[in-house]
Amino acid sequence: MHLQRVLLGQGAKDSSSIVAKQLQRMMSTGAGHPSKRSLVLDYDYASGSVTEHTTDENARDFMLGGETGIYTSMRTVSGGQRVFLLDDHLQRLGDSHRMVLPRDAARRDDPAYWRRVLLPLLRRGLAAFGSECPDEEAKITVLADTGAARVHFTCLYGPEGPPSTCCWVRFVTGVRRENPEAKSIRWVHQREVLEALLVPPTNEVVLTDGKQFYEGISSNFFATRKRETTTTTTTGSGGRPEYLDYQLVSAPRDRVLLGTVMKLVLRICDRDGIEVVYDPELDFGRWSGAFVTSTSRWVLPVGTIVVGGADTISNDDGGDAAPSPARQYRVDADDPLVAHLRESVRSMAAENSTKV
């Protein structure tokens, strides 16, 4: 299979159409004009002072405002009272600081440092911002560089509302994170051109090398497939649950950013005896289902995978051949394993969170 490559740089032959589509998407979803204001807390390392202001910036624009440094994105559960997998986010900040930013005397590569700094900021921000999203959870984005940490609070879904019950994804070739283990602001800027492909109904862009998949630009991607030997019985009959007749197909853990929801999915698989196969070959004919995971999506089933098409820009060899026609692959949005993992993540969210 020959996929097309999206270029992150100059020379894109149809860059004007990409920008137009990006602007169209922002206008149609309200991304450029949030209906509710967001809150930002700025923490200065040297003085320990905190300043507070409201803004019309959504989380994406807030991250794009950072030039260097690291980031992580969290969400609340239980009506804004708890933060989902907070310890994992603190560990991520420490690890990313060690990989991206210079070592310093304050030991900001230590998750304990971020616990001391962020817990008071989270409490203050959620207390001040809670009335903005009375019927919705909050999204919390942390940016950090060598001089300060900034924390942005906004409604989890914004004016476009929550994602639907299933989605489309587009596979593109030739782009990968330089360091998938680190959440670097550099990646936020690099992926900006790919976000122009997020034209409804497409919910996510998945990175591939033409033979294997890696991850989404803001999510982790998984497929499911039937086990070669199965003994299917149905849940409720006292026998083997149907989802155990399926395998979870994942990119290798060392080739992608281990998102917080991805970690919970893998824990559920270990708990429930679900086989995980780290064999991300693009074998669409064998896949039964697929889904993406992120803090805002939880587990979001995929119904359609799009490969190739006019939104891709050039061939892998840099030639000028026309892009291949788009191909669509349908997968079962009601796949038994996808449904089990989706429900399990939702039901376990509160117990895998920290009260702030």
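Structure: above.
Quick look at the structure, then. (Residues numbered from 1 in each chain as written. Predicted model: local features only at pLDDT ≥ 70, side-chain atom pairs only at ≥ 80, totals over all residues. Heavy atoms only, no water.)

**Thoughts on helix H8 (residues 336-348)**
So, step 1. For H8, spanning 13 residues, the distance from its first C-alpha to its last is 18 Å, which sits close to the expected 18 Å at 1.5 Å a residue.
So, step 2. Looking at H8, one finds that the buried residues are Pro 336, Leu 337, Val 338, His 340, Leu 341, Ser 344, Val 345 and Met 348.
So, step 3. The inward-facing, buried residues of H8 abut strand E10 (220-226), strand E11 (246-250), helix H7 (260-272), strand E13 (287-294) and strand E14 (298-307).
So, step 4. Structurally, the start of H8 carries an N-cap: the backbone nitrogen of Leu 337 is 3.1 Å from a side-chain oxygen of Asp 335. (Helix = DSSP H or I, 4+ residues; strand = E, 2+ residues; numbered from the N terminus. Expected span 1.5 Å × (residues − 1). Buried < 20%, exposed > 50% of the residue type's maximum accessible area, 1.4 Å probe, protein only. Contact = heavy atoms within 4.5 Å. Polar contact = N/O pair within 3.5 Å; in protein donor to acceptor, adjacent residues only side chain to side chain.)

**Quick word on the packing of aromatic side chains**
So, step 1. Tallying each qualifying case throughout the model produces 13 aromatic pairs.
So, step 2. Each member of the aromatic cluster is reached from another via a ring pair, and the members are Phe 171, Phe 213, Phe 221, Phe 284, Trp 287 and Tyr 329.
So, step 3. If you follow Arg 108 out to its NZ or CZ, it ends over the ring of Tyr 45, 3.7 Å from the centre. (Phe/Tyr/Trp six-rings, centres within 6.5 Å; stacked < 30°, edge-to-face > 60°. Lys NZ or Arg CZ within 6 Å of the ring centre and 35° of its normal.)

**Quick word on the side chain of Arg 108**
So, step 1. The residue Arg 108 is located in the loop between helix H3 (86-100) and helix H4 (111-129) in this model.
So, step 2. With near-sequence residues (within four places) excluded, Arg 108 lies in contact with Tyr 45, Leu 93, Gly 94, His 97, Tyr 113 and Trp 114.

**A look at unusual backbone geometry**
So, step 1. Put simply, Pro 200 and Pro 201 share a cis peptide bond, and its omega is 10 degrees.
So, step 2. Mapped onto the fold, Pro 201 is located in the loop between helix H6 (192-195) and strand E8 (202-208).
So, step 3. Within the chain, Ser 78 stands out as a residue other than glycine whose phi angle is a positive 60 degrees.
So, step 4. Note that Ser 78 resides in the loop between strand E3 (70-77) and strand E4 (82-84).
So, step 5. The backbone of Arg 107 sits at a positive phi, close to 60 degrees, despite the residue not being glycine.
So, step 6. Within the secondary structure layout, Arg 107 lies in the loop between H3 and H4.
So, step 7. Arg 107 gets classed as partly exposed once you look at its relative accessible area, which sits at 39%.

**Some points on the nonpolar core**
General note: in soluble globular proteins, nonpolar side chains tend to be found buried as a group.
So, step 1. Phe 171, Phe 221, Trp 287 and Ile 305 are the most contacted members of the largest nonpolar core, which has 46 residues in total.
So, step 2. Only strand E7 (167-173), strand E9 (213-216), E10, E11, H7, E13, E14 and H8 provide two or more residues apiece to this core.
So, step 3. Those residues in contact with Phe 171 that lie beyond four places of it in its chain are Val 206, Thr 208, Phe 213, Phe 221, Leu 282, Phe 284, Trp 287, Ile 305, Val 306, Val 307 and Gly 308.
So, step 4. Judged by nonpolar contacts, the second largest core, of 30 residues, contains Val 83, Trp 114, Leu 126 and Ala 149. (Core = buried A, V, L, I, M, F, W, Y, C linked by side-chain atoms within 4.5 Å.)

Take it as geometry only, folks, not as evidence of what the structure does.
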